[in-house]
Amino acid sequence: MAEFEPPRIDLLSKDVVADPYPTYAWLLDKHPVCEIEPGPVWAVCRFDDVQFVLDTPEIFSASAADALYNTEAPRDERPPPRLISAQDPPDHGKYQGLVNKAFLDKATKPLIPLMRDTARSLLRQFEGPTPVDFVRHFTYPFVGAIINRIVGLEDHPQDPGELREWLLLEERVSLSQDDEAFNQAFDAAVARQNRYFLNVMNERRQRPRDDLVTLLVEAEVDGSKLSDDDIFSLLRLLVSAGFVTTVHMFSHAVVLLSKRADLVAELKDAPDSIPAFVEELLRFAPSVLATVRTTTQAVELAGVEIPAGETVVPLIAAANRDPSAFSNPHRFDITRPRNGRHLSFGYGIHTCLGAALARLELRIALEALLGSYMHIVCPPDGQIARIHTLFLRGITELPVRLY
Ligand code: HEM
């Protein structure tokens, strides 16, 4: 047991939002398991402990992910439970197994030509002396083109403004929302998104194709077809989880490279090192800072007793800088031994379904960028518009000059 009460750290305070890593380092050293704000919830920081939490669903249930929605609302007024990400065994495997085929290497490798062509054509907008918003004009359309192809939304292009509005709300979802204006805007955006998905689903019911929407409208779990709500839940998960996470990793890559002309030159000379750069970037500056679980029983971690029924937040980004797992953890080093051993795609049964796809997207787009440009100029850190929640860190607007 801890000998004294640790001070309550607020992981959304101004200083932490500006740079969370000094606070993570302090927590790792002084209080690797402790209660934090907002919440309070239990933060878990060490690499081995985070891995244990993610790998032990019988003690750390994923059903906590449903608490990310309006927990104040009565049960029957909340959106239906989220499939896959908020499920435990055995149900988790039944739904995960339905969609994972679409994300295996075998399915994503044929997308390389589409990725290359899309990246090259979007990068042409950056020719010229005026900075261009990399998020709006490169990553959103790039990631969108790939997700739309995989899921089967290509022939039903969605209004980019509506899509962005929904995704911006989706990524701001946090623990127990009691902000009425947010909840209303969120519910309206989800309802609009469901109507959009329903159009595509109905179209595929009439004219099946070889895509994920068709697979879902035809699929059965335990001998029953999926309901429309089930399919909405899966499509929302895939489109939102596949979008914002990857979009923010691109921004982190571009900002880092803008400060490291040496690395730009090195990667231009040796593009084979781009996958190692991507892995180190995932460890060093992940877009998913943390995830969430609920304890099904009392458990002791790092000498601290967490009671049953508590919300636990495994801090992936802190674990990735744990000095007992990584030497010189605050150094960005693409030659690090066992590069790739980070927790940025999670661990255990909920390991990211889109990890292979995200790695490929990052590699192909960075090859295209470094193949065309030598210099990357971003605004200074203090002027970058960030999104930072307990769970996500990213950039909402990034005016960039490339030449
Ligand atoms: C670099 C980009 C990405 C990062 C950093 C990332 C991160 C993560 C993490 C940390 C988890 C585990 C969450 C947990 O254990 O609670 C996860 C799960 C998931 N990710 Fe990703 N992700 C990325 C890209 C993608 C893409 C491209 C897709 C698909 C289109 C995707 C779909 C999913 C899904 C469906 C899950 C839930 C898996 C399950 O619960 O079994 N992600 N992701």
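Here the structure is shown first, and the text comes after it.
This structure is a prediction, so every number in the text was calculated from the model and none was measured. (Residues numbered from 1 in each chain as written. Predicted model: local features only at pLDDT ≥ 70, side-chain atom pairs only at ≥ 80, totals over all residues. Heavy atoms only, no water.)

**Examining the coordination of the iron atom of the ligand**
Working reference: metal with six octahedral donors, ideal angles 90 or 180 degrees; metal with four tetrahedral donors, ideal angle 109.5 degrees. Inclusion rule: Distances decide who is a donor: an N, O or S atom must be within 2.8 Å of the metal, or within 3.2 Å for Na, K and Ca. Water is not included, so sites may look incomplete. Helix and strand labels come from DSSP, where a helix needs a run of H or I of at least four residues and a strand needs a run of E of at least two; each type is numbered from the N terminus.
For the iron atom of the ligand, the sole protein-derived donor is Cys 352 (SG), lying 2.3 Å away. Its location among the elements puts Cys 352 in the loop between α14 (316–319) and α15 (355–372).

**Notes on the site of the ligand**
Selection criterion: A molecule or strand has a residue near it when one of that residue's heavy atoms lies within 4 Å. The term polar contact refers here to a pair of N or O atoms within 3.5 Å; inside protein, the definition further demands a hydrogen-donor-capable atom paired with an acceptor-capable atom, and it admits residues adjacent in sequence only when both atoms are side-chain atoms. Every definition here rests on a 1 Å grid over the protein atoms only: cavities are sets of points where a 1.4 Å probe fits but cannot get out, pockets are open sets enclosed by protein on both sides within 12 Å along at least five of seven lines, and lining residues have some atom within 4 Å of a point. Should more than half of a molecule's atoms lie within 2 Å of a pocket's or cavity's grid points, that molecule is taken to sit in it. Charged means Asp, Glu, Lys or Arg here, nonpolar means Ala, Val, Leu, Ile, Met, Phe, Trp, Tyr, Cys or Pro, and polar covers whatever is left, Gly included.
His 92, Thr 291, Arg 293, His 350 and Cys 352 are the nearest of the 28 residues found near the ligand. In the environment of the ligand, an oxygen atom lies 2.7 Å from a nitrogen or oxygen atom belonging to the side chain of Arg 293. Applying the majority rule of atoms within 2 Å of the grid points places the ligand in the largest cavity. Put simply, the parts of the chain that give the shell around the ligand at least two residues each are α4 (91–99), α11 (228–258) and α15. Ranked by residue count, the leading element in the shell around the ligand is α11, at seven residues. Each residue belonging to the shell around the ligand can be placed in one class, and the counts come to 15 nonpolar, twelve polar and one charged.

**Things to note about the sheet that holds strand β15 (residues 399–402)**
As a general point, the strands of a sheet are linked pairwise by backbone hydrogen bonds and lie either parallel or antiparallel. Operational definition: A pair of strands is labelled paired if DSSP reports no fewer than 2 bridges between them.
Pairing is antiparallel across the open sheet formed by three strands, whose spatial order is β5-β15-β12. Taken across any chain shown, the strands that pair with only one partner, and hence form the sheet edges, are β5 (132–133) and β12 (376–377).

**A word on unusual backbone geometry**
Quick note on the threshold: Only protein chains enter the accessibility calculation, which uses a 1.4 Å probe; a residue is then buried when its area is under 20% of its type maximum, exposed when over 50%, and partly exposed in between.
The peptide bond linking Glu 37 to Pro 38 adopts the cis configuration, its omega dihedral lying at -5°. Following the sequence through the fold, Pro 38 ends up in the loop between β2 (33–37) and β3 (41–44). Cis geometry is adopted by the peptide bond preceding Pro 90, which originates at Pro 89 and carries an omega value of 5°. Mapped onto the elements, Pro 90 comes out in the loop between β4 (60–61) and α4. One non-glycine residue, Arg 338, lies in the positive phi region at around 55°. By the element assignment, Arg 338 lies in the loop between α14 and α15. Overall, the relative accessible area of 62% leaves Arg 338 in the exposed class.

**Digging into the pattern of salt bridges**
Threshold: Here a salt bridge means any side-chain nitrogen of Lys or Arg lying within 4 Å of a carboxyl oxygen belonging to Asp or Glu.
One pass over the structure, following the stated rule, counts 24 salt bridges. Notably, a salt bridge pairs Glu 35 with Arg 8, separated by 3.6 Å at the nearest N-O pair. Of the two residues, Glu 35 is situated in strand β2 and Arg 8 in the segment before β1 (9–10); the sequence distance between them amounts to 27 residues. Note that Lys 94 is salt-bridged to Asp 222, the shortest N-O span being 2.9 Å. Of this pair, Lys 94 sits in helix α4 while Asp 222 sits in the loop between β6 (220–221) and β7 (224–225); the two residues are 128 residues apart in sequence, bridging distant segments of the chain. For Lys 94, a relative accessible area of 32% corresponds to the partly exposed category. For Asp 222, a relative accessible area of 61% corresponds to the exposed category.

**What to know about the layout of surface pockets**
The criterion, for reference: Grid points are joined across faces, edges and corners, and a volume is the space filled by probe spheres set on the points.
There is about 580 Å³ of room inside the largest pocket. As for the largest pocket, its lining consists of 19 residues, and the residues nearest its centre are Val 255, Lys 259, Asp 381, Arg 386 and Arg 393. Breaking the lining of the largest pocket down by element, the ones donating at least two residues are α1 (14–18) and α11. Broken down by element, the lining of the largest pocket gets its largest block of residues, three residues, from α11.

**Overview of helix α13 (residues 274–284)**
Stated formally: The criterion used for residue contact is that any of the two residues' heavy atoms lie within 4.5 Å.
Extensive coverage of α13 is indicated by the burial of nine of its eleven residues. Among the residues of α13, Ile 274, Phe 277, Val 278, Glu 279, Glu 280, Leu 281, Leu 282, Arg 283 and Phe 284 are the ones counted as buried. The inward-facing, buried residues of α13 abut α2 (21–30), α11, α12 (261–269) and α15.

**Here we look at the environment of Leu 11**
Relative to the helices and strands, Leu 11 is located in the loop between β1 and α1. Residue class for Leu 11 comes out buried when judged on its relative accessible area of 3%. C-alpha separation for the pair Leu 11 and Ile 36, spaced 25 residues apart in sequence, amounts to 7.1 Å. Apart from residues lying up to four places away in sequence, Leu 11 is in contact with Val 16, Thr 23, Tyr 24, Leu 27, Ile 36, Glu 37, Pro 38, Leu 315, His 388 and Leu 390.

**Details of the nonpolar core**
Filter applied, for reference: Think of a nonpolar core as a cluster: buried Ala, Val, Leu, Ile, Met, Phe, Trp, Tyr and Cys residues, connected wherever their side-chain atoms sit within 4.5 Å.
With 97 residues, the main nonpolar core has Phe 138, Phe 277 and Leu 398 as its most contacted residues. The leading source of residues in this core is α11, at 17 residues. The contacts of Phe 277, once residues within four sequence positions are left out, are Ala 253, Leu 256, Leu 257, Leu 263, Leu 267, Phe 332, Ile 334 and Leu 366. Judged by nonpolar contacts, the second largest core, of 22 residues, contains Tyr 24, Leu 27, Ile 36 and Ala 290.

**Let's talk about the sheet that holds strand β11 (residues 311–314)**
Inclusion rule: Angles run from 0 to 180 degrees between N-to-C directions of axes, and those axes are lines fitted to C-alpha atoms, restricted for helices to the stretch in contact.
Ordered in space as β1-β2-β3-β11-β8-β4, the six strands form an open sheet in which the pairing is mixed. The strands lining the two open edges of the sheet, one partner per strand, are β1 and β4. Pairing geometry for β3 and β11, over three bridges, is parallel. Note that in β11 the partner of Ala 43 across the bridge is Val 313. Those strands touched by helix α3 (residues 47–54) are β2, β3, β4, β8 (293–295) and β11, and its axis lies near 125° from that of β11.

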